[in-house]
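Listed below, chain by chain, are the residues.
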There are 2 protein chains.
Amino acid sequence: MVTLRKQYVVARPVYSEDSFADSNEKICRKHKTVLDHFKEYLTSEENSLLSCDLSSCDAKRAKNAVLSRLPIIGWMRIYRVREWLLGDVVSGISTGLVAIMQGLAFSLLASLPPSYGLYTAFFPVLTYFFLGTSRHISVGSFPVLSLMVGAVVTRLVPEDGPPANITEFVGLTQDQQRVLVASSVTFLMGIFQLAMGILQVGFIVVYLSDTLVSGFTTAAAVHILVSQLKFVLGLNVPGISGPFSVIYTLEEIFVQITSTNICDLVMSIVIIVVVFIVKELNDRYKAKLPVPIPIEVIVTVIACGVSYGFKFEKIYNVDVVGKMISGYESPIPPSVEVFQESAMEAFPIAIVGFAVAFSVAKVYAIKHDYTIDGNQELVAFGISNIFGASFRSFAASTALSRTAVQESSGGKTQVAGLISAMMAMIVTVALSFLLEPLPRSVLGALVIVNLKGMLTQFREIPYLWRRDKPECVVWVGTCLGVILLGLDLGLAVGLGVELFTVIFRIQFPRCSVLANIPGTDLYRDRKDYVQMVEPTGVKIFRIPSPIFFANTEFFRNKLVEAVGFNPLRVLRKRNKALRKIKQMLQKKDLDFAEGGLTDLFYSTTDDSNVKLELDLPIDVKDLPFRINWNADFPFKASVPRVDLHSLILDFSAVSFLDISALKGLKTAFKEFIRVDVDVYIVSCDAYILQKLHSCMFFDDEILTSMFFPTLHDAMLHVLERHKNDRIGDWQSKAAQL
Amino acid sequence: MVTLRKQYVVARPVYSEDSFADSNEKICRKHKTVLDHFKEYLTSEENSLLSCDLSSCDAKRAKNAVLSRLPIIGWMRIYRVREWLLGDVVSGISTGLVAIMQGLAFSLLASLPPSYGLYTAFFPVLTYFFLGTSRHISVGSFPVLSLMVGAVVTRLVPEDGPPANITEFVGLTQDQQRVLVASSVTFLMGIFQLAMGILQVGFIVVYLSDTLVSGFTTAAAVHILVSQLKFVLGLNVPGISGPFSVIYTLEEIFVQITSTNICDLVMSIVIIVVVFIVKELNDRYKAKLPVPIPIEVIVTVIACGVSYGFKFEKIYNVDVVGKMISGYESPIPPSVEVFQESAMEAFPIAIVGFAVAFSVAKVYAIKHDYTIDGNQELVAFGISNIFGASFRSFAASTALSRTAVQESSGGKTQVAGLISAMMAMIVTVALSFLLEPLPRSVLGALVIVNLKGMLTQFREIPYLWRRDKPECVVWVGTCLGVILLGLDLGLAVGLGVELFTVIFRIQFPRCSVLANIPGTDLYRDRKDYVQMVEPTGVKIFRIPSPIFFANTEFFRNKLVEAVGFNPLRVLRKRNKALRKIKQMLQKKDLDFAEGGLTDLFYSTTDDSNVKLELDLPIDVKDLPFRINWNADFPFKASVPRVDLHSLILDFSAVSFLDISALKGLKTAFKEFIRVDVDVYIVSCDAYILQKLHSCMFFDDEILTSMFFPTLHDAMLHVLERHKNDRIGDWQSKAAQL
């Protein structure tokens, strides 16, 4: 770094915004509105679905439109068979094994028979293969999403008690009813996603900040943990949904704790410990191992064998996967009545499903340098979920763990996804009987051991607390909200808390009074530095955030606090005194020729400086002298002394003003101007200045000459204007005339 | 205004934030956090309920506490009997007449028998007299509030069909059930208000901006209008509540339109026309009339007489007020079951009731120069509503129209309110039989004619659209939401829209690239002025709003757009080229002694300038030369040309950063720094700088020396640093060495 002892030398005229505009020619151009920017942001997403339909399509546009709708064409054309195919096949097989395991396990979260987890690992992948822009994500079940679907399932078809009053339920078994609910919810979720994709509103996931997602997934992990306890303990606890379901479920489990199936519990603990240790080893020796040890597949195979060999189901009364559906069932139409019952829940499912897939896809897109189109992803997932739901699979998104396997084992394109789907198909069609003796507690244990990553996010609390308290509030608020109120309602609460923290941050900012650093044109908080110059009679107040309806009043109070008096009150006191003076004048008992009063009044021909209007319409036009309000009055009148002649407001951080703010500022400025305090605004954004003009901010009291480009310009102007004032009493000079 | 042709002359060293800190001694002080400011804001409300209970109370504090809890003591001590009493009595009598009329009319909105409107004009006033801080508002029924209560009443006790399943309903008549519901909702509303007052959260009404309230009340007026149509037309339409109730009610009215009672309709039209005209005259000749003509009272008396004399009820089958309850009924306890059923509705009622009263009270407090304590008002209204509800009155707040009468007819204190309550009592106890022949259509007509003011607020739409589009969206969104979804749900929707507009405004701001105004230290949008200087190789990017999770990505895209290249992509391309160069070096087929390559490579001992890490961990430490990336390569390599050496970011409007923004900035800065672009930040807020330090923003790549106090300092530094560069290709000078 070179030395900084260079000189900063500037010599130019003092500019006000007006004089600056006079001496610098401006280019007239149409400024974009916030709406325009918003539109631009929307259309800046690489492909606009509507643009091509509406305008005349030439060949290139049509091609681009097709390409953006069918991203497969893009990557298939550049597919390097020799380089990529082997990787895709190997990756597809490993991912397939994981997808089968997860499909089985997550179907328990959705309160569905395990076969349908395998369906979810198959159908949605087929359509995503053609429509998805991500080449690396593994489409399929996601634990949080499965749990959200499960909450609707257990609400409409509870284990004990009658199902909801839905006509399509007639004649169906409980499992069939549940599958109908799950596929209908998934269908509706797909419709929502497709609609959002078509409407180009994929950007809404920006509102799910990292902090919010972290709190949400941690709380979801707690839900998942609690929901799996019954399998691990071999208890028969009904699925409970709705607010406080975690507490009710735990209560139910503790009531039944004495009926724990020891065989299930021991097996689960062994599996959790073994899988945990092997996963740690996989992590530690990542570099040395050619592929990570597929410990989950290994323990599942062992557990299947042991359970079959020792007849766990019969001897220890262990709950096993049981009869699997071999092959595929015919498609079913969704139930419109379920749509009506679950619309409020399907929407957050659609959002969460997309948000997870999009964030995972973005990570790998940045890593491998290609672009993800958020709206096309919405369309792809929407269609995939609609297609899958027609074939009885449930909500699909992606799981980070599975995607990591697919990418790290060499997957280059969605060909790997297709091969993993084929694996799931083979198991469904031919091998599902092998899984029938698998104890459900094994699946529960595997789900629990995979929660480690999500649960360790609790460590973020102290980190966030130290760095940024509002974000900590968002995290804790979201997490508690989701744990207590459930995933959908909790997400809404978290979103509300998050948006309110943003509002809060701009609503209660740190105001400061600035002063000059001697010998420079720099101004800093006067409390911060030892050597500061603050000219008498001038106050520099910095407004450090946008001004809008929620903080207009706050700033007014801060400003009154900073200047030390309430201008409206001063105005009224002065006006009362004025009334008294006028009365005395009429009574002729005020002889202003006498010496005692010359200090207070002086004759003047210029009375335009004191204006008292509106609030108190008396004025001094008919008075033969001007009044020095800071002198003592010869009668009892408590007019507060005002030692201020200029108030400079630093607007550099005011990024927008709304109409309430505009009205509030206008009122406040008038109050100051009427007690003879000049108000100056510096570093005001050009757009805000323009808005003030278009909103009739200026009148005969509030003039455009109050605007200055920099603080120092305004200060020089003020000093020049008041250079003849006596220190501490700027009006007395005039009084001496 | 004095001439501005003064000179602005500054000569000082060029400062970076580091060198500035070295030469200016700083005072160490604990900065307040956002939370502190928030707390301060809460406690800055004049009286803190808790402060005195918790700390040691001396006599003065105790006195203040009592004074703030019982504001009556404050104004009773200064009560000027001779000056004020007459005004209060006259005002009390006029207000009482209005209160009686409005009580009768608004009880129809609440779907209750008219007597209870008189109760509402009596009981809440008694407690407010002691507890309220406003001296001018007239406590009692408010149409919007009555309608909100009415929505609960008709939901729980519908006209046709069985009432809700509430045990307390057993053995009650429909009217008694309705009164129980109304008083229970009012009781709960009082509890909410009292709780908010005790918790000192009165400030939440700031979120109900003027625009929101305007949209809300306009929509409420539409609801009121529709609800009164059935009285005006003499139809028997059941009260409908819930979303789309306006549409259903209108549908029902149009179905029945042929059964219109012509007598009711004619009478209503006559009354509406007469009252409207007289009110206009009152307005026009305000100055000349001693008191406004009490036209509403006059038409009511006439209507009563005519209806009685011509036996309207019997002959024309007109719906009249009917049997009034003479005197007061015994208090009733609220129903806890109704609490449970209506908690979601009682909360918005509590908020709206308080917000209306507080805003009206504030207007008159400013006018008459005394302070309103929001939290004490909450306590006062809470207790008043609880007290009133115990005596079967319904939700009380204030009505602007009634308060205007009270103030303009000379009311100075709540003594006027007390006298108006006495009037209501007299009517209830002794004169209610006189009102029995009054047709309900007259009351409906009076309600409708008073909606004029609220309905003319529709004119705000074009006003807002021209001035501030987001506010127009808030207005229309709130209004449509309330009309379609009902008052409570619509209010929530409006609040959501309002908060989202604030987020939107800071999320999608106008970014700009700045350039220097020649001969000055001023920088403006380079598109705005004709004469601008933009030094080659330097880009100044202004970030015009806070940076947070929802716009981090937006700014990154804007920045990439402004500089014209994606630094990450450039970095990767360079790295690929570097790999090729290294391969060539190993193969020895790259002879860098040859002339053709001296332009591309040069020997160097200093290789610390080119760092390639993380994303692409290859570095140039083992290369014997430095690379000029902007020259042509002797092999095929598409390394984008980067003509930028310095990027200056203007942070003056960045009022806060969250952790997402921090991470995003860090990543973006590293990408630029790694492609040899120096990043500078200017005019950064002291608090943000401090936060960056505490959040470990700085490391060996991102240095504190990147901060400069002003744009011009940074620019002078950059120019000094690159003064030997050839124009347009700053590295080629070095390459020639």
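Residues numbered from 1 in each chain as written. Chains lettered and ligands numbered in written order. Predicted model: local features only at pLDDT ≥ 70, side-chain atom pairs only at ≥ 80, totals over all residues. Heavy atoms only, no water.

Colleague: It is not clear to me how the sheet that holds strand 10 (residues 678-682) of chain B should be interpreted in this structure. Could you clarify?
Modeller: Neighbouring strands of a sheet are bound in pairs by backbone hydrogen bonds; such pairs are parallel or else antiparallel. Residue and element names in this part refer to chain B. Here 6 strands make up an open sheet; going across it, the order is 5-4-6-9-10-11 and the pairing mixed. Two strands in the sheet have a free side with no partner beyond their single neighbour: strand 5 (523-525) and strand 11 (707-708). Taken strand by strand, helix 28 (residues 659-674) contacts strand 9 (646-650) and strand 10, and its axis lies near 135 degrees from that of strand 10. (Pairing = 2+ DSSP bridges. Helix = DSSP H or I, 4+ residues; strand = E, 2+ residues; numbered from the N terminus. Contact = heavy atoms within 4.5 Å. Axes fitted to C-alpha atoms, helices over the stretch in contact; angles between N-to-C directions.)

Colleague: Please clarify how the sheet that holds strand 10 (residues 678-682) of chain A should be interpreted in this entry.
Modeller: Residue and element names in this part refer to chain A. What the 6 strands build is an open sheet, ordered 5-4-6-9-10-11; its pairing is mixed. Either end of the sheet is taken by a strand with one partner, and the two such strands are strand 5 (523-525) and strand 11 (707-708). The pairing of strand 6 (residues 538-542) with strand 9 (residues 646-650) spans 5 bridges and is classified as parallel. Residue Phe 541 lies in a different strand from strand 9, and its bridge partner there is Leu 649.

Colleague: Even after reading the chapter, I still don't get the side chain of B:Glu671, so can you show me in this structure?
Modeller: By the element assignment, B:Glu671 lies in helix 28. Excluding its chain neighbours within four sequence positions, the residues that come into contact with B:Glu671 are B:Arg556, B:Pro567 and B:Leu568.

Colleague: What's the story with a positive patch on the surface in this structure? I'm lost.
Modeller: Residue and element names in this part refer to chain A. Together, Lys 573, Lys 576, Arg 579 and Lys 580 give the surface a local cluster of positive charge. Within the secondary structure, Arg 579 sits in helix 26 (residues 567-587). Given a relative accessible area of 41%, Arg 579 falls into the partly exposed group. (Patch = residues over 30% accessible without salt bridge, like charges linked within 9 Å, V, L, I, M, F, W, Y side chains within 5 Å. Areas by Shrake-Rupley, 256 points an atom, 1.4 Å probe, with all protein chains shown as cover. Salt bridge = Lys/Arg side-chain N within 4 Å of Asp/Glu carboxyl O. Lys, Arg positive; Asp, Glu negative; His and termini not counted. Charge placed at Lys NZ, Arg CZ, Asp CG, Glu CD. Buried < 20%, exposed > 50% of the residue type's maximum accessible area, 1.4 Å probe, protein only.)

Colleague: Sorry if this is basic, but what is going on with the side chain of A:Ser141 here?
Modeller: Residues and elements named next belong to chain A. Considering the arrangement of structural elements, one finds Ser 141 in the loop between strand 2 (139-140) and helix 9 (143-156). With a relative accessible area of 4%, Ser 141 lands in the buried category. Contact partners of Ser 141, with chain neighbours within four places excluded, come to Gln 102, Gly 103, Phe 106, Thr 120, Ser 146, Phe 394, Ala 395, Thr 398, Ala 399 and Arg 402.

Colleague: Any chance you could explain a nonpolar patch on the surface here in plain terms?
Modeller: All names here are of chain A. A cluster of nonpolar side chains, contributed by Ile 269, Val 273, Phe 276, Ile 277, Leu 281 and Tyr 285, occupies part of the molecular surface with about 510 Å² of accessible area. Position of Ile 269 among the secondary structure elements: in helix 13 (residues 262-284). Classification of Ile 269 as partly exposed rests on a relative accessible area of 46%.

Colleague: Explanation requested: helix 10 (residues 174-198) of chain B in the structure shown.
Modeller: Along an α-helix, residues three or four apart share an orientation, since each turn contains 3.6 residues. Compared with the 36 Å implied by 1.5 Å per residue over 25 residues, the 36 Å span of helix 10 of chain B between its first and last C-alpha is a close match. Directly beyond the C-terminal end of helix 10 of chain B, a positive phi value near 60 degrees is found at B:Gln200. (Expected span 1.5 Å × (residues − 1).)

Colleague: Can you walk me through the interface of chain B and chain A in this structure?
Modeller: Residue-level contacts link 106 residues of chain B with 106 residues of chain A. When the two sides are added together, the surface that chain B and chain A hide from each other amounts to roughly 10700 Å², 62% of it contributed by carbon and sulfur. Run the count over chain B and chain A and you get 12 salt bridges. In this structure, A:Arg569 engages B:Asp369 in a salt bridge whose closest nitrogen and oxygen atoms are separated by 3.7 Å. There are 21 residue pairs in polar contact (both at pLDDT 80 or more) connecting chain B and chain A. Counting residues per element, the side of chain B that touches chain A draws most heavily on helix 24 (residues 487-507) of chain B, which supplies 9 residues. Across the side of chain B that touches chain A, the residue classes tally to 53 nonpolar, 20 polar and 33 charged. (Buried area = accessible area lost by both parts, 1.4 Å probe. Polar contact = N/O pair within 3.5 Å; in protein donor to acceptor, adjacent residues only side chain to side chain. Nonpolar A, V, L, I, M, F, W, Y, C, P; charged D, E, K, R; others polar.)

Colleague: Sorry if this is basic, but what is going on with the relation of the copies chain B and chain A here?
Modeller: Least-squares fitting of chain B to chain A yields an RMSD of 0.1 Å, with the transformation described by 0.0 Å of translation along the axis and a rotation of 180 degrees. Such a combination of rotation and displacement between the chain copies is what one expects of a two-fold axis. In terms of proximity to the rotation axis, the leading residue of chain B is B:Ala653, whose C-alpha is 1.9 Å off the axis. A shared binding surface is used by both copies, with 99% of the interface residues of chain B retained as interface residues in chain A. (Least-squares fit on C-alpha atoms with pLDDT ≥ 70 in both.)

Colleague: Just checking my understanding: could you explain the environment of B:Trp475 for this structure?
Modeller: Residues and elements named next belong to chain B. By secondary structure assignment, the location of Trp 475 is in helix 23 (residues 469-485). Since its relative accessible area comes to 1%, Trp 475 is described here as buried. C-alpha of Trp 475 to C-alpha of Ser 268: the two residues are 207 residues apart in sequence and 31 Å apart in space.

Colleague: What is the right way to read the packing of aromatic side chains from this model?
Modeller: The description of an aromatic ring pair rests on the distance of the ring centres and on the angle between the ring planes. Counted by the stated rule, this structure contains 65 aromatic pairs over all chains. On the numbers, 5.3 Å between centres and 85 degrees between planes, the contact of A:Phe129 with A:Phe130 is edge-to-face. Since its relative accessible area comes to 43%, A:Phe130 is described here as partly exposed. Geometrically, the ring pair formed by B:Tyr15 and B:Phe20 is edge-to-face, given 5.3 Å between the ring centres and 85 degrees between the ring planes. Connected via pairs of aromatic rings, a cluster forms that spans A:Tyr116, A:Tyr119, A:Phe122, A:Phe123, A:Tyr328, A:Phe387 and A:Phe391. In this structure, A:Lys469 is placed above the aromatic ring of A:Trp465, and the distance from its NZ or CZ to the ring centre is 5.1 Å. (Phe/Tyr/Trp six-rings, centres within 6.5 Å; stacked < 30°, edge-to-face > 60°. Lys NZ or Arg CZ within 6 Å of the ring centre and 35° of its normal.)

Colleague: Would you take a moment to explain the pairing of strand 9 of chain B for this structure?
Modeller: Consecutive side chains of a regular strand alternate in pointing toward one face of the sheet and then the other. Residues and elements named next belong to chain B. Across the 5 residues that make up strand 9, a large majority, 5, are buried. Residues Ser 646, Ile 648 and Asp 650 line one face of strand 9 and the alternating positions Leu 647 and Leu 649 line the opposite face, and both faces are buried. Summarising the sheet, strand 9 and strand 10 pair through 5 bridges and their orientation is parallel. Residue pairing in the sheet places Asp 650 in a bridge with Val 682 of strand 10.

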